[in-house]
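Inside the fold
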Amino acid sequence: MVTAGIGITTTVATADAGVSRVAAAVTPPTANAKFDYQIGGAYTPPSGVRVVSRDRQDPPAAGLYNICYVNAFQTQPIQSEIDDWRSRGLTLKDSRGKEVVDGQWDEILLDITTDAKRRAVAAVVNGWIDGCAANGFKAVEPDNLDSFSRSQGLIDEQDAIAYISLLISHAHSKGLAIAQKNTIGDLGDGGIGTAGRDAGLDFAVAEECGRYTECGGYQELYGNNVIVIEYTANGFTKACNAVGASVSVVRRDTAVSPNGPYQAC
């Protein structure tokens, strides 16, 4: 990998299924640009917004830097998608054959416990990434990297790193930057340490790092190429005071609804 500094276009050599290639230029979002988080539904961005994250099924916002949200480690709570993953045999099951569910969001974890299953899951998600690139997105935000922490010990950090590496290689081959979503902390202590950055992740999307006093950890990994989303007034104030002068910080509602509140530092 050859880089030219934080916020500067990067040329990335990638390897996918043993085939080496040089990707198109990969450009992360401009550091500290005004940002809006629209993964709950697209709408006209507020004045001054330059970077937007939207769900892969929504169109990118015209004239802006668009990040494509994909739920890469868990199912969306949509029956047709759940049925598709089940038909492929790629939902995670415990020793009793019961699917492992993230109860907060009612999402089933995907099974990335073997190399074959990681590649099978990645084949589907990389197809979504192809769609992101074709539609004009400039980056991808693969969510739920921290699913291992909700997997009843069935998935570990190394599984997550091996799988995200497949997505990194593919995103870069399509000219897309790719984000580390959450998962700050030391390897083996609830996070992945520097492994994501070392594997080629280009920037970070961090939820509630102000609330939990974690924003500095993301800056240590990605400099000012960090986007922060807070869901409480106190967390937003803390994030703005801690890092708002140098990174993008917004406040949204937890449903990230089109009619929900929006604030930016």
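Just above sits the structure.
Heads up: these notes are all about the structure in this document. Because the structure is predicted, anything quoted here is derived from the model rather than measured.

Applying the stated criterion across every chain, the model contains one cavity of 30 Å³ or more. Reported here for the largest cavity is a volume of approximately 40 Å³. In terms of lining residues, the largest cavity is bounded by P29, T30, A31, N32, F203, N224, N225, V226, I227 and S248. Here the residues of the lining of the largest cavity sort into five nonpolar, five polar and no charged.

Let's shift gears to the packing of aromatic side chains. Throughout the structure, instances matching the rule amount to three aromatic pairs. Note on F35 and Y37: the rings are 5.9 Å apart at their centroids and 40 degrees apart in plane angle, and the pair reads as tilted. Take F35 and Y37: they sit in the same class, and that class is buried. Here W85 and W128 contribute two aromatic rings whose centre-to-centre distance is 6.1 Å and whose plane-to-plane angle is 80 degrees, an arrangement assigned as edge-to-face. Of this pair, W85 sits in helix 1 (residues 79-87) while W128 sits in helix 2 (residues 115-135), placing them 43 residues apart in sequence. For W128, a relative accessible area of 16% corresponds to the buried category.

Here the focus is the state of the cysteines. As enumerated under the stated definition, the model contains three disulfides in all. Disulfide pairing places C68 opposite C132 at an S-S distance of 2.1 Å. Across the S-S bond of C68 and C132 the torsion is about -55 degrees, and the bridge reads as left-handed. Of this pair, C68 sits in strand 5 (residues 65-71) while C132 sits in helix 2, and the two are 64 residues apart along the sequence.

Among the structural elements, G63 can be located in the loop between strand 4 (51-55) and strand 5. The exposure class assigned to G63 is exposed, which follows from its relative accessible area of 80%. As a C-alpha pair, G63 and V51 span 12 residues in sequence and 9.6 Å in three-dimensional space.

Now for the nonpolar core. Most often, soluble globular proteins have nonpolar side chains that are buried together. Ranked by internal contacts, the top residues of the largest apolar core, which has 51 residues, are V125, Y163 and L167. Contributions of two or more residues to this core are made by strand 5, helix 2, helix 3 (157-173), strand 10 (203-207), helix 5 (215-222), strand 11 (226-230) and helix 6 (233-243). Among the elements that line this core, the one with the most residues is helix 3, at eight residues. Not counting chain neighbours up to four residues away, the residues in contact with V125 comprise V70, A72, W85, Y163 and L167.

Of the volumes computed, that of the largest pocket is approximately 930 Å³. A breakdown of the residues in the lining of the largest pocket according to their chemical character gives 10 nonpolar, nine polar and 10 charged.

Let us now look at the pattern of salt bridges. A side chain of one charge can pair with a side chain of the opposite charge when the charged atoms of the two come close. In total, this model carries 15 salt bridges according to the counting rule given. As a salt-bridge pair, E99 and R86 come within 2.8 Å of each other at their nearest N and O atoms. Linking E99 in the loop between helix 1 and strand 6 (101-102) with R86 in helix 1, this pair joins segments that are 13 residues apart in sequence. A residue is classified by how much of its surface remains accessible, and R86, at 40% relative accessible area, is partly exposed. By sharing partners, the salt bridges in this structure join D102, D146 and R150 into a single network.

What counts, and at which threshold
Residues numbered from 1 in each chain as written. Predicted model: local features only at pLDDT ≥ 70, side-chain atom pairs only at ≥ 80, totals over all residues. Heavy atoms only, no water. 1 Å grid on protein atoms, 1.4 Å probe; cavity = no way out; pocket = protein on both sides within 12 Å on 5 of 7 lines; lining within 4 Å. Points joined across faces, edges and corners; volume = space filled by probe spheres on them. Nonpolar A, V, L, I, M, F, W, Y, C, P; charged D, E, K, R; others polar. Phe/Tyr/Trp six-rings, centres within 6.5 Å; stacked < 30°, edge-to-face > 60°. Buried < 20%, exposed > 50% of the residue type's maximum accessible area, 1.4 Å probe, protein only. Helix = DSSP H or I, 4+ residues; strand = E, 2+ residues; numbered from the N terminus. Disulfide = S-S within 2.5 Å. Core = buried A, V, L, I, M, F, W, Y, C linked by side-chain atoms within 4.5 Å. Contact = heavy atoms within 4.5 Å. Salt bridge = Lys/Arg side-chain N within 4 Å of Asp/Glu carboxyl O.

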